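# Fold and contact review
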Amino acid sequence: MSLFQGLSFPGFLLPLALFFSCVFLCHGGTTSIFVRNVQKGTTMSLDSDVFSVPSGYNAPQQVHITQGDLVGKAVIVSWITEDEPGSNAVRYWSENSKQKKKIAKGELVTYRFFNYSSGFIHHTTLNNLEYNTKYYYEVGLGNTTRQFWFITPPEIGLDVPYTFGLIGDLGQSYDSNKTLSHYEMNPKNGQTVLFVGDLSYAENFPYDVNLRRDTWGRFVERSVAYQPWIWTVGNHEIDFAPEIGETEPFKPYSNRYYTPYKASQSTSPFWYSIKRASAHIIVLASYSAYGKYTPQNQWFEQELPKVNRTETPWLIVVMHAPWYNSYNYHYMEGETMRVMYEPWFVEYKVDVVFAGHVHAYERTGRVSNIAYNVVNGICTPVKRSISSGIHNHRRWRESWGVSNQHDRTTAGILGIQRV
Ligand SMILES: [Fe+2]
């Protein structure tokens, strides 16, 4: 049974599962009249305008950016060319620069998946960027050059407000498009998206499986080419298909979406950390080994003491499978990771956890099962003081906004600001 059984968590559509790790009596409550549709969303057809291919021979497509280092002074620019490799150079310059464009060169990868050969996937890192600066960048050649821009984050520090968008389980239905539009139009202006896993759901399209990875890349370009999306792997990125000879998990995802994992001494692109503004963000992998002695476990144990709360007072953890979920859908799939890691979350005072997977919105107060009163038979959480040490939640205001009310996706907004 769910730990939250008996509390009032309605069937919201937004699949953001959130909880605080310090022990606190949890009060459920209705915050929306929305009731999730039972039916799946209708998939956008291949000729939908949001999937359109940029015009011109070998034009770069599926352009996306993510943070490229630990501290927010680098950006990884990725894109795909379909006809031939073309150039893997990125030309970039700051808005106020009078200098010539700088050029960064990257790498090119391809992969095969069953009978499919990918396009030419480019990944180029722009290093040594200035904080809080608008940069323009170009990819492609000649008359198929395409130009985009992004704004680097402010320098890391205690008093630095920032706004994160939260999206997961996005897919490519009409609801997915509404979700993304709603995020883009949100007046809180999310500056970076924490993507909590499950991108394209391509494997749900057995006849278009590879096409659907490309359509999704073109669909989200309108946002992710202009602001970083911080990637987390979900179950729809595993792509383990031994029946067709595909036994390397995460192969398409690994080739298409890079992360700056080496900057945080991780040995895998699926778990890593970044700092951004006043937040230290730890990305965990729900579908990579995390038990005792595994690389992820060792890395995570060594990462937590590195968090400097006088520099980054916010400690945010992102994963795909939630530890707490009152739905029967995907119920308890995050339980074994919770058993392994929840004591560390309490010890290190993780502020907030974001997860996706369930396709239904709920959030909790600070709760942790390790201090539940299991003797009373109803598993009442035990109250515990949360104010100790340097970190004091009351100095900060969290502003929460639900950015969409459309089914089958996850989305929201988190603003952090010192008050
Ligand atoms: Fe999922």
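Residues numbered from 1 in each chain as written. Predicted model: local features only at pLDDT ≥ 70, side-chain atom pairs only at ≥ 80, totals over all residues. Heavy atoms only, no water.

### Notes on the side chain of Ser78
Note the cut-off: What counts as a helix is a DSSP run of H or I of at least four residues, what counts as a strand is a run of E of at least two, and both are numbered from the N terminus. Here the term buried applies to any residue with accessible area under 20% of the maximum for its type, exposed to any over 50%, and partly exposed to those in between, with areas from a 1.4 Å probe on protein chains only. Only heavy atoms matter for contacts: two residues are in contact if any of them lie within 4.5 Å across the pair.
Position of Ser78 relative to the elements: it lies in strand β3 (residues 75-81). For Ser78, a relative accessible area of 2% corresponds to the buried category. The contact partners of Ser78, leaving out residues within four places of it in the chain, are Gln62, Val63, His64, His122, His123 and Arg256.

### Focus: unusual backbone geometry
The residue Gln62 is not glycine, and still its phi comes out positive at about 60°. Following the sequence through the fold, Gln62 ends up in strand β2 (residues 61-67). One non-glycine residue with positive phi stands out, namely Asp169, at about 55°. When you line up the elements, Asp169 lands in the loop between β12 (162-168) and α1 (174-185).

### Here we look at the pairing of strand β13 (residues 192-195)
Formally: The criterion for strand pairing is that DSSP finds at least two bridges linking the strands in question. With the strands pointing away from the viewer, any crossover whose connection runs clockwise from the first strand over the helix to the second is right-handed.
A two-sided burial pattern is seen for β13, the buried positions comprising Thr192 and Leu194 on one face and Val193 and Phe195 on the other. Across 4 bridges, the pairing between β12 and β13 is parallel. Following the sheet pairing, Phe164 is matched in β13 by Thr192. Since β12 and β13 lie parallel, the crossover through α1 that links them has a hand, and here it is right-handed. Sheet topology places β13 next to strand β14 (residues 229-230); 2 bridges connect them, and they run parallel. Pairing of Val193 across the sheet is with Trp229, part of β14. Taking the sense of rotation as the criterion, the β-α-β connection linking β13, helix α2 (residues 209-224) and β14 turns out right-handed.

### Some details on the packing of aromatic side chains
Applicable threshold: Within 6.5 Å between ring centres, the rings of Phe, Tyr and Trp (the latter by its six-membered ring) count as paired, and their orientation is classed by plane angle as stacked under 30 degrees, edge-to-face over 60, tilted in between. Throughout this description, the term charge over a ring refers to an Arg CZ or Lys NZ atom that lies within 6 Å of the ring centre and within 35 degrees of the ring normal.
Per the counting criterion, the structure on display carries 26 aromatic pairs. Taken together, Phe195, Trp216, Trp229, Trp231, Phe250, Tyr253, Tyr257 and Phe270 form an aromatic cluster joined through their ring pairs. Looking at Arg212, its charged tip hangs above the ring of Phe205, at a distance of 4.6 Å from the centre. Over the face of the ring belonging to Phe113 we find Arg213, whose NZ or CZ atom lies 5.2 Å from the ring centre.

### Concerning the packing of helix α4 (residues 295-303) against helix α5 (residues 335-347)
Where we set the bar: Interaxial angles span 0 to 180 degrees and are taken between N-to-C directions of axes, which are lines fitted to C-alpha atoms, for helices over the stretch in contact. These descriptions rest on fixed angle ranges, namely under 35 degrees for roughly parallel, over 145 for roughly antiparallel, 65 to 115 for roughly perpendicular, and the rest for oblique. Each residue gets one label: Ala, Val, Leu, Ile, Met, Phe, Trp, Tyr, Cys and Pro are nonpolar, Asp, Glu, Lys and Arg are charged, and the others, such as Gly, are polar.
At a minimum axis distance of 11 Å, the contact between α4 and α5 shows a crossing angle of 10°. As judged from the angle between their axes, α4 and α5 are roughly parallel. Contacts between α4 and α5 involve Gln296, Asn297, Phe300 and Glu301 on the former and, on the latter, Met337, Met340, Tyr341, Trp344 and Phe345. Split by residue class, the contact of α4 with α5 holds 6 nonpolar, 2 polar and 1 charged.

### What to know about α4
Where we set the bar: Note that the arc is computed from the directions linking the helix axis to the C-beta atoms.
All buried positions along α4 are accounted for by Gln296, Asn297, Trp299, Phe300 and Glu303. What you see down the axis of α4 is that its buried residues fit within an arc of 165°, all on one side. Those residues of α4 hidden inside the fold are in contact with β15 (272-276), β16 (279-283) and α5.

### Considering the confidence of the model for the protein chain
Applicable threshold: The predictor attaches a confidence to each residue, called pLDDT, with possible values from 0 through 100.
Averaged over all residues, the pLDDT of the protein chain equals 84, while 79% of them reach at least 70. Low confidence marks residues 1-28, where pLDDT is under 50. Its contacts with residues over four positions away, or in another chain, come to 136 contacts.

### Examining the side chain of Arg338
Let me state the cut-off plainly: In protein, a polar contact means a hydrogen-donor-capable atom and an acceptor-capable atom, both N or O and within 3.5 Å, with residues adjacent in sequence counting only if both atoms are side-chain atoms; elsewhere, any N or O pair within 3.5 Å suffices.
As for its position among the elements, Arg338 is in helix α5. At 2.6 Å, the side chain of Arg338 and the side chain of Glu342 are in polar contact.

### Quick word on the pattern of salt bridges
Stated formally: The term salt bridge refers to a pairing of a side-chain nitrogen on Lys or Arg with a carboxyl oxygen on Asp or Glu at a separation within 4 Å.
Under the criterion given, the structure shown has 11 salt bridges. A salt bridge links Lys251 to Glu246, with the shortest nitrogen-to-oxygen separation between them at 2.9 Å. Like Glu246, Lys251 is buried. Taking the shortest distance from any N to any O, the salt bridge between Asp351 and Arg309 comes out at 2.6 Å. Remark: Arg309 occurs in the loop between α4 and β17 (314-318) and Asp351 occurs in the loop between α5 and β18 (352-355); sequence separation between them is 42 residues. Of the two residues, Asp351 and Arg309, neither departs from the other in class, the shared state being buried. Within this structure, Arg91, Lys101 and Glu138 form a network of salt bridges that share partners.

### A closer look at the sheet that holds strand β9 (residues 120-126)
Here we have 4 strands laid out as an open sheet, ordered β2-β3-β9-β6, and antiparallel in their pairing. Pairing within the sheet leaves two strands with one partner each, and these edge strands are β2 and β6 (107-109). Shown here is a sheet whose adjacent strand axes are inclined to one another by a mean of 20°, direction ignored. In terms of strand pairing, β6 meets β9 through 3 bridges, oriented antiparallel. Along β9, the bridge assignment pairs Val109 with Ile121.

### Quick notes on the environment of Gly365
Looking at where Gly365 falls in the secondary structure, it is placed in strand β19 (residues 362-366). Exposure remark for Gly365: the relative accessible area of 23% places this residue in the partly exposed category.

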